[in-house]
Amino acid sequence: MELNGDGLIDILSGSYSRHDGDMAGLFQVLWGQKDGSFAAPEALKGTDGEPLIILTEDSEEALVDKICTRPIAVDLDGDGKLDIVSGNFGGTFAFFKGEGNGKFAPKSTWIESDTRKISVEHHSDPFLVDWDKDGDFDLLSGSAEGGAFLFVNEGTKTAPKFGVRTTLIAAPKQAAEEVIGDAHITGPQSSTRIWADDVNGDGKPDLLLGDSVSLVFPAKGVSDQEALAKIKEFGEKFSKAYESMGNSEEPPSEEAMKKMQAEIEVLTAEKAKFVTEESTGYVWLFLQK
Amino acid sequence: MLMNWLLVVLGAAAMPQAPEFAPPVRMEAEGKIVKVEAPGYAAPAWFDVDKDGQKDLIVGQFNGGKMMVYKNTGNGKLAKGEWLMAAGKVAEVPGVW
């Protein structure tokens, strides 16, 4: 996106934490350079000169709302200046009013529907686009549980008002048991990140969904059945090792923790002889019919 | 019964039609499925990052907060990915998920 009016493309990202002081998410910006490259990331600041941070209640529960995920800069209120809409770990959406030329008001407000914050199931991931082609921005989002969601703007270009959440792509159902291989992966899994655009040029917006997936494959020479049996055995032994620390409300002793860690290392090494595991993420294209 | 039918017809007319999508496919570049490094968390963008008039695929990831750029070579094809660079080195957004 072009954030500060200099005609150069900039990259804006959320981030999970600042490392000094209270935990909070900082907006990281890579300013575009005249040669087409980008500057190193730096924290985006508000008009008060301080790093922009989502404004929340001063409580421990509100901490997750302060951790920004994806920000997107669009002129949401139609005043000719880019604003920022950001997701957060909690699943709600924060709004920073733009002051022009890459400057934003330091205090955010929440995007609401009839005085209630609109939300998804954790890790909101806003993308604003005129999905229904009525001239204003609608809000799309992925979520921690997966899927794609739409909040239609029932207001106007200068006074947005978002409606209830509707599902565009349902979140996947969790498999009851471990599944071997990747043949069962036929659509996005959890932790979806969304982008909408007319990818195939047919005039209709399509969806790109990033995800996160954990895969298990049998090791060489091991059958699927043997691998599944070993995974089950690992699970049982893991639970037993965990339970050996006791069910007390008190934290386990250092000795108990070390014993459990050693047992888990042995179990994990044993498991690796039968299965290989891969954690990755794909980009799925949904072409609109 | 007639009333029920009327409600169904009127309801269908009032409700915006839900979009229909073709079955999803994984994006590919140079014949290989696009995937991110462990532990995952792919975050795509479709944007003309090199200003050549064609939108490219940029995929952010958890590991290192890095972004892979797959340039659009036309006809629905994407080139092999290259890490997005910033200040002369691979760009890493700190603390990203």
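Everything quoted here is computed from the prediction, not taken from an experiment. (Residues numbered from 1 in each chain as written. Chains lettered and ligands numbered in written order. Predicted model: local features only at pLDDT ≥ 70, side-chain atom pairs only at ≥ 80, totals over all residues. Heavy atoms only, no water.)

### Focus on the overall build of chain B
Each helix and strand counted, chain B has one helix and eleven strands in total. From first element to last, N terminus to C terminus, chain B shows the α and β order α-β-β-β-β-β-β-β-β-β-β-β. For chain B, with 97 residues in total, the buried portion stands at 34%. Residue pairs at least 24 apart in sequence account for 30% of intrachain contacts in chain B once pairs closer than 6 positions are excluded. Accessible area of chain B: about 6000 Å², with a carbon and sulfur share of 61%. (Helix = DSSP H or I, 4+ residues; strand = E, 2+ residues; numbered from the N terminus. Buried < 20%, exposed > 50% of the residue type's maximum accessible area, 1.4 Å probe, protein only. Contact = heavy atoms within 4.5 Å. Areas by Shrake-Rupley, 256 points an atom, 1.4 Å probe, with all protein chains shown as cover.)

### Observations concerning the sheet that holds strand β9 (residues 82-83) of chain B
Through backbone hydrogen bonds, the strands of a sheet pair up, either in parallel or in antiparallel fashion. Taken together, the four strands give an open sheet; going across it, the order is β4-β5-β6-β9 (chain B), and neighbouring strands pair in antiparallel fashion. Looking at the sheet topology across the chains shown, the edges are occupied by β4 (43-47) and β9 of chain B. (Pairing = 2+ DSSP bridges.)

### What to know about the interface of chain A and chain B
Taken together, the 46 residues of chain A in the interface contact 42 residues of chain B. Overall, the association of chain A and chain B removes approximately 3700 Å² of surface from exposure, summing both partners, and the carbon and sulfur fraction of that is 66%. Inspection of the region where chain A meets chain B yields two salt bridges. Of the charged contacts, one joins B:Lys55 and A:Asp197 as a salt bridge, the two residues approaching to 2.7 Å between their closest N and O atoms. (Buried area = accessible area lost by both parts, 1.4 Å probe. Salt bridge = Lys/Arg side-chain N within 4 Å of Asp/Glu carboxyl O.)

### Points about the packing of aromatic side chains
Throughout the structure, instances matching the rule amount to nine aromatic pairs over all chains. Aromatic side chains A:Phe127 and A:Trp195 sit 4.7 Å apart centroid to centroid with 55° between the ring planes, which places their arrangement in the tilted category. One end of the pair, A:Phe127, is in strand β12 (residues 125-129); the other, A:Trp195, is in strand β16 (residues 190-197), with 68 residues separating them in the sequence. Using a relative accessible area of 15% as the deciding quantity, one classes A:Trp195 as buried. Consider the rings of A:Trp131 and B:Phe21, whose centres lie 6.4 Å apart with planes at 35°: the pair is tilted. Placement of A:Trp131 in the loop between β12 and β13 (138-142) and of B:Phe21 in the loop between α1 (2-14) and β1 (25-26) is noted, with the two residues assigned to different chains. Each member of the pair, A:Trp131 together with B:Phe21, is buried. Aromatic ring contacts, followed pair by pair, group A:Trp131, A:Phe286 and B:Phe21 into a single cluster. (Phe/Tyr/Trp six-rings, centres within 6.5 Å; stacked < 30°, edge-to-face > 60°.)

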